[in-house]
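Topology and contacts: notes
As a plain string of letters, each chain reads:
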Amino acid sequence: MANIKRKMLLNDFWRIGEYESWFADMAKDGWHLQKVGKLFAYFQQGEPLDTRYRIATSSNKNMSSEEKLEYKEAGWNHITRFGEFNVFASPVKCQAPELYANPSEQAETLRSNYKKMRLSVILISVLLLLSIIFYSMLWSNEQTPMLELVEGDAISQITLLFIQLIFILVTTRSMVLIRKTKKRLLEGKEIDYHVPWRKSRTINLAIITLTAMITVPLASLIWIQVLNQETVNLPMKHTELPLVALAAIEQTSHLERDEQADDRQFDWNNHYTKKTSFFAPQQYESTEQGIVTEEEWADGSGPYSPSIYIQAYKVRFSFMAKHLMNDLLFNYDRRDYRDEHFTVLDRKGFDALTIREIDELKEIFAVKGKGVIYVRYLGHADMERLLASVEEKMTFIDR
C-alpha cells in the first residue's frame with residue numbers, strides 16, 4: 001500500500017498562491033497531492049517531480065466531466081475539489097498553458113464568492129451584535145454575579161460570544177483576502193505561484209493553537225457541567241449527602257413522605273439535583289416534603305406537612321464563599337418581597353450566618369470555609385434545632 005501523509009491546512013483557503021506553492025514544494029519532495037479535506041491535505045509518496053499546481057475558483061462547487069476533460073486536453077489533470085476550489089496539476093516539462101487566459105478572467109470567478117462571503121460577514125456580525133446587546137442587558141440587570149459564575153451560566157455565555165467572535169474574524173479575513181486578490185487580478189497582476197508559504201503557516205499555527213487553548217477548556221467546562229448533572233429521587237435516609245434531612249429536624253417516628261410520583265417513578269416532592277462547575281465543583285439542590293397525619297398546622301388548615309428546600313455549594317476558592325452567600329441573600333430577599341429583615345448572627349461553627357424567621361417559615365444562609373448553604377424550612381421545629389443540623393452538614397460540605 002502506498003504511503004500516505006496528511007498535513008493540516010493551516011493557511012486560509014483564499015491564499016491561493018501559497019497553496020499552489022506549497023503543493024509544488026511537496027511534489028518536489030516526493031509527496032503528491034491526492035485530496036483535500038476540511039482539516040487536512042493528503043499526499044501520496046512517489047518520485048520527486050517538478051509539478052505545477054493551479055487552483056480554479058468557482059461559485060459552483062461541482063465541475064462537470066466535460067470541463068475536466070477540456071482542462072485535461074490542455075495538459076491539466078483534475079486532482080481534487082474542496083469548497084469552491086478545484087485543484088489541477090501538470091508536470092512543468094509539459095509547459096501547459098495557464099488555466100485562465102488573463103488575470104481579469106480569473107477575477108470574474110471571484111466576484112460571486114466575494115458577494116457570498118460579504119453576506120456571511122454581515123449576518124454573523126448582526127448575530128454577534130444582537131448577542132452582545134442581549135448579554136449586556138442581562139448582565140447589567142443581574143445583581144448576583146457570583147451566583148451566575150458559580151452555577152456556570154456566565155461561562156456558557158462567554159464561550160458562546162468568543163466562538164461567534166472567532167467566526168466573524170475568520171470570515172472577515174477571508175472576505176478581505178478575496179477582495180485583495182480580485183483587485184490585483186483586475187489590475188492585470190497574476191497570482192504569485194511561488195510565494196513563500198512557511199511563515200504564513202507558522203503564524204496561523206500559533207493563532208490556531210492560542211484559540212484552541214482558550215476555546216477547548218471553556219467548551220470542556222460546559223460539557224463537564226452537562227455530563228455531571230443528574231436529578232434523582234431523594235432517599236429517605238441520606239446521611240451521606242450534604243443535605244439536612246427532614247427526619248433529623250422533625251425527630252418523630254410518625255413522619256412520612258408526601259410523595260408525588262409520575263409514570264417514571266420520579267418523585268416531584270422529594271428529589272435532589274447534583275451539579276458541578278469549575279468554580280463550584282460540588283453543588284446540590286434538594287426539596288423534601290413530609291406529612292404527619294397525627295398533627296395539624298396551628299391554624300387548623302390541615303395535616304401537618306413540613307418541607308425543606310436546600311441549596312448547598314462547595315466553592316473552589318474560599319474568598320468566593322461570602323460573596324456567594326450575599327448573592328443568595330439578595331436573590332431570595334428580592335424574590336420573596338418580604339418586609340421582615342434578616343438577622344446576622346455570630347455563632348461558633350460558622351464563618352458567616354444570617355437567618356430570617358417568619359412564623360413557621362425559617363431561612364438560613366451560612367458559610368463555613370468553602371461551604372455555602374441556603375436552607376428554607378417550613379414546620380414546627382425551632383430555629384436552634386435547625387441550626388444544629390445545618391452546622392453538622394456544613395462540616396460535611398467543607399471537608
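Below or above, wherever it landed, is the structure these notes cover. What you see as residue numbers is a count from 1 along each chain, following the sequence as written. Local features are withheld for residues below a pLDDT of 70 in this predicted model, meaning they are given only at 70 or higher, and side-chain atom pairs are given and counted only at 80 or more; totals for whole chains, interfaces and linings count all residues. Computation of side-chain values covers all heavy atoms of the structure but excludes hydrogens and water.

Quick word on the pattern of salt bridges
The term salt bridge refers to a side-chain nitrogen of Lys or Arg lying within 4 Å of a carboxyl oxygen of Asp or Glu. All chains considered together, the criterion is met by eleven salt bridges. Note that lysine 116 is salt-bridged to glutamate 84, the shortest N-O span being 3.9 Å. With lysine 116 in helix H3 (residues 103–141) and glutamate 84 in the loop between strand S5 (77–82) and strand S6 (85–91), this pair connects stretches of sequence that are 32 residues apart. Think of it in three bands: with a 1.4 Å probe and only protein chains considered, a residue is buried below 20% of the maximum accessible area for its type, exposed above 50%, and partly exposed in between. Judged by relative accessible area, lysine 116 falls into the partly exposed class, the value being 38%. As a salt-bridge pair, aspartate 262 and arginine 264 come within 3.1 Å of each other at their nearest N and O atoms. According to the relative accessible area criterion, aspartate 262 is partly exposed, its value standing at 21%. Since its relative accessible area comes to 62%, arginine 264 is described here as exposed. A network of salt bridges, in which partner residues are shared, links Arg52, Arg54 and Glu98. Comment: elements are numbered from the N terminus, with helices defined as DSSP H or I runs of at least four residues and strands as E runs of at least two.

A few points about the nonpolar core
We call a set of buried residues a nonpolar core when its members are Ala, Val, Leu, Ile, Met, Phe, Trp, Tyr or Cys and they connect through side-chain atoms within 4.5 Å of each other. Within the largest apolar cluster, 32 residues are counted, with the highest numbers of intra-cluster contacts made by Trp22, Phe23, Leu33, Phe43 and Tyr53. Where this core is concerned, the elements lending two or more residues are helix H1 (16–28), strand S2 (31–36), strand S3 (40–45), strand S4 (51–57), S6, H3 and helix H5 (153–186). Note on definitions: a residue-residue contact is assigned when non-hydrogen atoms from the two residues lie within 4.5 Å. In this structure, tyrosine 53 is in contact with Glu20, Phe23, Ala24, Ala27, His32, Leu33, Val87, Phe88 and Ala89, ignoring residues within four places of it in sequence. Within the second largest apolar cluster, 30 residues are counted, among which are Val292, Trp297, Ile310 and Ala381.

Observations regarding H5
In this scheme, a helix's expected span is set at 1.5 Å multiplied by one less than its residue total. Helix length check: H5 (34 residues) gives 50 Å between terminal C-alpha atoms against 50 Å at 1.5 Å per residue, within 8%. Immediately downstream of H5, the backbone of glycine 188 shows phi near 90 degrees, a positive value.

Focus on the environment of phenylalanine 350
Here phenylalanine 350 is to be found in the loop between strand S13 (343–344) and strand S14 (352–358). Dropping the residues within four chain positions of it, phenylalanine 350 is found in contact with Ala366, Val367, Leu387, Val390, Glu391 and Met394.

Here we look at the sheet that holds S5
The pairing criterion is simple: DSSP has to find at least two bridges between the two strands. Reading across from one edge, S4-S6-S5 is the order of the three strands in this open sheet, with antiparallel pairing throughout. Both outer strands of the open sheet, S4 and S5, are each paired with one neighbouring strand and no more. Ignoring strand direction, the axes of neighbouring strands in this sheet form an average angle of 25 degrees. Taken together, the seven bridges between S4 and S6 define a ladder with antiparallel strand orientation. Pairing of threonine 51 across the sheet is with proline 91, part of S6. Interaxial angles span 0 to 180 degrees and are taken between N-to-C directions of axes, which are lines fitted to C-alpha atoms, for helices over the stretch in contact.

Overview of the pairing of strand S9 (residues 271–275)
The element S9 is largely enclosed, with a buried count of four among its five residues. In the sheet, strand S7 (residues 230–233) pairs with S9 via four bridges, with the strands oriented antiparallel. The partner of threonine 231 across the bridge, within S9, is threonine 273.

Some words on the pairing of S14
Counting buried residues in S14 gives six out of seven residues, a clear majority hidden from the surface. Relative to S14, S13 runs antiparallel, the two being bridged by two bridges. Within the sheet, the bridge partner assigned to valine 344 lies in S14 and is threonine 354. With seven bridges connecting them, S14 and strand S15 (residues 361–368) associate as antiparallel partners. Its bridge partner being in S15, arginine 356 is matched across the sheet by glutamate 363.

A short note on the environment of lysine 35
Mapped onto the secondary structure, lysine 35 falls in strand S2. For the pair formed by lysine 35 and valine 87, sequence separation is 52 residues and the distance between their alpha carbons is 8.9 Å. Filtering out sequence-adjacent residues up to four positions away, lysine 35 remains in contact with Phe40, Ala41, Tyr42 and Thr80.

Quick notes on the sheet that holds S2
An order of S1-S3-S2 is seen for the three strands of this open sheet, with the pairing classed as antiparallel. Two strands lie at the open edges of the sheet, namely strand S1 (4–8) and S2, each paired on one side alone. Within the sheet, the average angular offset between the axes of one strand and its neighbour, ignoring direction, is 35 degrees. The pairing of S1 with S3 spans five bridges and is classified as antiparallel. Residue pairing for S3: lysine 7 is matched across the bridge by alanine 41. Its contacts with the sheet put H1 on S1, S2 and S3, and the angle it makes with S2 is roughly 135 degrees.

Considerations on the side chain of threonine 57
Within the secondary structure layout, threonine 57 lies in strand S4. Polar contact criterion, stated in full: a pair of N or O atoms within 3.5 Å, where within protein one must be able to donate a hydrogen and the other to accept it, and residues adjacent in sequence count only if both atoms are side-chain atoms. A polar contact of 2.8 Å, which involves the side chain of threonine 57, links it to the side chain of threonine 109. Excluding its chain neighbours within four sequence positions, the residues that come into contact with threonine 57 are Trp14, Ile16, Glu84, Phe85, Tyr100, Thr109, Leu110 and Asn113.

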